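# Structure assessment
Listed below, chain by chain, are the residues.
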Amino acid sequence: MIEVLYNQGCHLGNHLYSYVAGRLLARRLGLTLKTDPIDGFSRTKDVINGQTIDGQAEILGSADPIPLWPEIDNLIGKKLKITQGFVNSKYFIKDRDIIKTWLATNHAMSVDEEDVLINIRLGDFVPLGLVLDPSYYTNILERIKFRKLYLMTDDPGHEYLNNIKKYNPILIPGYGVEHFRKAISFKRIIMSNSTFCWWFTFVSDAHEIFFPMINGNRCGSWCISHLPAIDLRLDLPEVTHVYNIPNWNSPCPNPTDQEKEEAISFGKKSKTLFLP
């Protein structure tokens, strides 16, 4: 058996990493999955039957805040417990199609193929200093053509949003799962550095995605960081990884030669954009 325990100090995006990791491991190892369903995602209520193993569980994720994916062969015949999410796209990307069915929700909006969704994470990111500089969004909006711009944010009254006012964004009301249902309707998405945003983008059918890359270690829970287990980049043809983004009200260091080389060498399908 494999049991998934959600960290109540984390948000929905992190819970989805834990759930999907647990279900993938249960599928690969032929184990029973024990976990609470996640509100709004009906297929997290699926009964996953398999082998049930007695004894004390081996805890995956207790030693490292962001655990490495375990070696499958070393887990055969063991009772397992997941206590943290596995925040790395390589764990999930090969199973993207089946994961989409697990997290399927009804599309809650009717939008045009040329409409763009922009996600701006504010809320707790403001005091943490993790908000992306508005130049990330405005640089992209100046480069692309679109019919309508839709805005999804967790703080619709924040002054930060004045930076995109001239593009006449249409605010999408709601929060959490309601936002998730609406977001997956879009074919063009400008992402924020939010794990919730990562998930609705990952399970969407978007054909144009802009993915923010954060320089250095200022946003270690997202991509390039001091924790090597974390890497949410997506090597998909519809994805453009955007570099040279400052945090809001912070100076933006020029990318190092190593960062540029690493960016260019990553993946074979995705594209790379360095902002001025």
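On the secondary structure map, Glu238 appears in the loop between strand 9 (208–214) and strand 10 (239–245). Reaching out from Glu238, the side chain makes a polar contact with the side chain of Arg96 at a distance of 3.2 Å. Excluding residues that lie within four positions of it along the chain, Glu238 makes contacts with Arg96, Ala206, His207, Glu208, Ile209 and Lys271.

This part takes up the side chain of Thr138. Mapped onto the elements, Thr138 comes out in helix 4 (residues 134–143). Setting aside residues up to four positions removed in sequence, Thr138 forms contacts with Asn163, Ile164 and Tyr167.

So, about unusual backbone geometry. Positive phi values are uncommon outside glycine, yet Asn168 reaches one of about 55°. With respect to the helices, strands and loops of the structure, Asn168 is situated in the loop between strand 6 (149–153) and strand 7 (170–171).

Before going further, it helps to examine the nonpolar core. One finds Phe92, Trp198, Trp199 and Phe200 to be the most contacted residues of the largest nonpolar core, which totals 60 residues. Among the elements that take part in this core, helix 1 (residues 12–29) stands out by supplying 10 residues, more than any other. Apart from the residues within four sequence positions on either side, Phe92 is in contact with Tyr17, Val20, Ala21, Leu24, Phe86, Ile99, Trp198, Trp199 and Phe202. Formed by 26 residues, the second largest nonpolar core is a distinct cluster that contains Ile118, Val131, Tyr137 and Leu273.

Burial runs high along strand 9: six of the seven residues are buried. The pairing of strand 8 (residues 188–190) with strand 9 spans three bridges and is parallel. Along strand 9, the bridge assignment pairs Arg188 with Glu208. Read from strand 8 through helix 6 (residues 195–202) to strand 9, the crossover connection turns out right-handed.

Another point: helix 4. Among the residues of helix 4, Pro134, Tyr136, Tyr137, Thr138, Ile140 and Leu141 are the ones counted as buried. On its buried side, helix 4 packs onto strand 5 (116–120), strand 6, strand 8, strand 9 and strand 10.

All right, on to the sheet that holds strand 4 (residues 80–82) then. Reading across from one edge, 2-1-4-3 is the order of the four strands in this open sheet, with parallel pairing throughout. What marks the edges here is a single partner per strand, and that holds for strand 2 (33–34) and strand 3 (58–60). In this sheet, strand 2 lies alongside strand 1 (residues 2–4) in parallel orientation, the contact comprising two bridges. The partner of Ile2 across the bridge, within strand 2, is Leu33. Against the sheet, helix 1 contacts strand 1, strand 2, strand 3 and strand 4, and its axis sits at roughly 175° relative to strand 1.

Here we take up the packing of helix 1 against helix 6. Helix-helix packing is described using two parameters, namely the angle between the two axes and the distance between the axes. Remark: helix 1 packs on helix 6, axes separated minimally by 7 Å, with the N-to-C direction vectors making an angle of 55°. Taken together, helix 1 and helix 6 sit at an angle that is classed as oblique. Handedness of the helix 1/helix 6 crossing: left-handed. Together, Leu12, Gly13, Asn14, Leu16, Tyr17 and Val20 of helix 1 and Thr195, Phe196, Trp198 and Trp199 of helix 6 make up the contact between the two elements. Its residues assigned to classes, the contact of helix 1 with helix 6 comprises seven nonpolar, three polar and no charged.

In this structure the tally under the stated criterion is 16 salt bridges. Across the salt bridge formed by Arg147 and Asp112, the nearest N and O atoms sit 3.8 Å from each other. With Arg147 in the loop between helix 4 and strand 6 and Asp112 in the loop between helix 2 (96–102) and strand 5, the pair connects residues that are 35 residues apart, well separated along the chain. Exposure remark for Arg147: the relative accessible area of 47% places this residue in the partly exposed category.

Cut-offs used in this document
- Residues numbered from 1 in each chain as written.
- Predicted model: local features only at pLDDT ≥ 70, side-chain atom pairs only at ≥ 80, totals over all residues.
- Heavy atoms only, no water.
- Helix = DSSP H or I, 4+ residues; strand = E, 2+ residues; numbered from the N terminus.
- Polar contact = N/O pair within 3.5 Å; in protein donor to acceptor, adjacent residues only side chain to side chain.
- Contact = heavy atoms within 4.5 Å.
- Core = buried A, V, L, I, M, F, W, Y, C linked by side-chain atoms within 4.5 Å.
- Buried < 20%, exposed > 50% of the residue type's maximum accessible area, 1.4 Å probe, protein only.
- Pairing = 2+ DSSP bridges.
- Right-handed = clockwise from strand over helix to strand, strands pointing away.
- Axes fitted to C-alpha atoms, helices over the stretch in contact; angles between N-to-C directions.
- Parallel < 35°, antiparallel > 145°, perpendicular 65-115°, else oblique.
- Left-handed = near helix turned anticlockwise from the far one by under 90°.
- Nonpolar A, V, L, I, M, F, W, Y, C, P; charged D, E, K, R; others polar.
- Salt bridge = Lys/Arg side-chain N within 4 Å of Asp/Glu carboxyl O.

The analysis is restricted to geometry; functional conclusions fall outside its scope.
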